[in-house]
Every structure is written in structure tokens, then in C-alpha cells.
Amino acid sequence: SQQGEEDPQALSIQEGENATMNCSYKTSINNLQWYRQNSGRGLVHLILIRSNEREKHSGRLRVTLDTSKKSSSLLITASRAADTASYFCATDANSGYALNFGKGTSLLVTP
Amino acid sequence: DAEITQSPRHKITETGRQVTLACHQTWNHNNMFWYRQDLGHGLRLIHYSYGVQDTNKGEVSDGYSVSRSNTEDLPLTLESAASSQTSVYFCASSAGYQNEQFFGPGTRLTVL
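Cut-offs applied
- Residues numbered from 1 in each chain as written.
- Chains lettered and ligands numbered in written order.
- Predicted model: local features only at pLDDT ≥ 70, side-chain atom pairs only at ≥ 80, totals over all residues.
- Heavy atoms only, no water.
- Core = buried A, V, L, I, M, F, W, Y, C linked by side-chain atoms within 4.5 Å.
- Buried < 20%, exposed > 50% of the residue type's maximum accessible area, 1.4 Å probe, protein only.
- Helix = DSSP H or I, 4+ residues; strand = E, 2+ residues; numbered from the N terminus.
- Contact = heavy atoms within 4.5 Å.
- Disulfide = S-S within 2.5 Å.

**Q** What is the right way to look at the nonpolar core in this model?
**A** Side chains that are nonpolar tend, in soluble globular proteins, to be buried together. In terms of nonpolar packing, the biggest core is built from 21 residues, with Leu32(A), Trp34(A), Leu74(A), Ile76(A), Tyr87(A) and Leu107(A) touching the most fellow members. If you list the elements that add at least two residues to this core, you get strand E3 (19-24), strand E4 (31-37), strand E5 (43-50), strand E7 (61-66), strand E8 (71-76), strand E9 (85-92) and strand E11 (105-110) of chain A. Ignoring any residue separated from it by four or fewer positions in sequence, one finds Ile76(A) in contact with Glu17(A), Asn18(A), Ala19(A), Met21(A), Arg60(A), Leu61(A), Asp83(A), Tyr87(A) and Leu107(A). Counting residues in each nonpolar core, the second largest holds 18 residues, with Ile4(B), Trp34(B), Val66(B) and Tyr89(B) among its members.

**Q** Please explain the state of the cysteines as it appears in this structure.
**A** Chemically, a disulfide is nothing more than a covalent bond linking the sulfur atoms of two cysteines. Within this structure, the stated rule accounts for two disulfides over all chains. Bridging Cys23(A) to Cys89(A), the disulfide has an S-S length of 2.0 Å. Looking along the S-S bond of the Cys23(A)-Cys89(A) disulfide, the torsion reads about 65°, which is the right-handed sense. Pair noted here: Cys23(A) is in strand E3 and Cys89(A) is in strand E9, with a separation of 66 residues, a long-range link. Of the two residues, Cys23(A) and Cys89(A), neither departs from the other in class, the shared state being buried. Residue Cys23(B) pairs covalently with Cys91(B) via a disulfide, S to S 1.8 Å. The sign of the S-S torsion, about -70°, decides the handedness of the disulfide formed by Cys23(B) and Cys91(B): left-handed. Of this pair, Cys23(B) sits in strand E3 (residues 19-25) while Cys91(B) sits in strand E9 (residues 87-94), and the two are 68 residues apart along the sequence. Under the relative-accessibility criterion, Cys91(B) is labelled buried at 0%.

**Q** Just checking my understanding: could you explain unusual backbone geometry for this structure?
**A** Outside of glycine, negative phi angles account for most residues, and trans bonds account for most peptide bonds. With an omega of 0°, the peptide bond running from Asp7(A) to Pro8(A) counts as cis. Mapped onto the secondary structure, Pro8(A) falls in the loop between strand E1 (5-7) and strand E2 (10-14). Ser7(B) connects to Pro8(B) through a cis peptide bond whose omega is -5°. Structurally, Pro8(B) can be placed in the loop between strand E1 (4-7) and strand E2 (10-13).

Okay, structure coming up:
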């Protein structure tokens, strides 16, 4: 069953603004990953945060993880039109290799 | 450059036909996965493999099968296609435990 749930389902902002997406999950995890999917394309890995980490940065991306609340957030700073995509959080399933994906947040960045 | 490819990219078939979707990766990854993506459901795991001759069922495996005869390929077979299997199918691979997954471009399958 799906582990992660993103919030909001859809987000519309203007270029230059920050975008924040949230992910909640149900059971304990070893790590949480964020992926981006452009329309009609496959998913692309953005960042992985391990359960013993609280915050991680990669370029304009900032991910936080709160294991006590079973939640994570993805912040994209200074958004660009090219950031328009769907964003998914994924948690490791019981097997440890496969991933459980949420339903995604659809981000629209307008010029 | 290493990559993961899927074929065909688009397929239309009829109910009851057998369909095989191909997935080929040149990353030399041991782990390979098949997901389906549907509106309102996100991505759901169908089958996965940790190496040659290893296959495992995922969340939505009914009506699907896979086989792993080499490291590079994990074909997905729909034994008797049903309209409920109309979806976009993604193949992915990863190097090891808790590693990022690399996704193929997807196959859009329509079952009439």
C-alpha cells in the first residue's frame, strides 16, 4: 500500500517564489526520497534523506525530515518555470529495495 | 552513457491478448522494478527483482508476470490483458540497498 501522501495535491506560484511541498507517511522508514516527473516523462531522483538526518540541501532544494511526526518537506527556492512538474516522495518498503510512492504534488510555476 | 530504456513507448491491444513490455538497462544494476501509474493512485509496484533468476510480487501483481534471465532485462508480461490494465508503465533500476532508482521513459498501454 502507498506509504507517502503529498500535500498539497496542486500548487501554483510565480517565478521567483518559493514552493513548499509536504509528505506524510505511516510507518517507520530507513530513508525518504523525493523525485520529480516532467509531463510525459519518467521520474528523476532529486534527493535522499536518511532517517538519522533532519535536513539536507542540494542546490535550490531543501528537504527536512521529522521522524517523530512521520513527515518531510521539500522546499524549492527561487522557483523557475522549468520547475513545473509533479513531485513525489517515496519511502522504502518493507523489502528495503522497492519504494512506496505518494500520489504527488503538481507544481505550476508561471513566468 | 548508461541508461534505461523501455519499448514500445505506446501500445494498443485488445482484451485477452498477451502483451510483453520490455525494459533494458545498461547501468549493470542488480535491482529492477516495474510500476504502473494511474491518475489518483500515483505509482504502484507491480513486480521487482534483486538479480538474475530472482522475482518478487509487488502491491498490484495480479495479471502480471516477470522473468529475469540476465542483469540487463526485466520484461513485464500481461498474460491476458484487461481494460483495468490500461495505464502508464515505468521500469526502474537501482544499484543496491536504499539507493536512488533510475526510471525509464515509460510505456503507455491501452487495452480496448
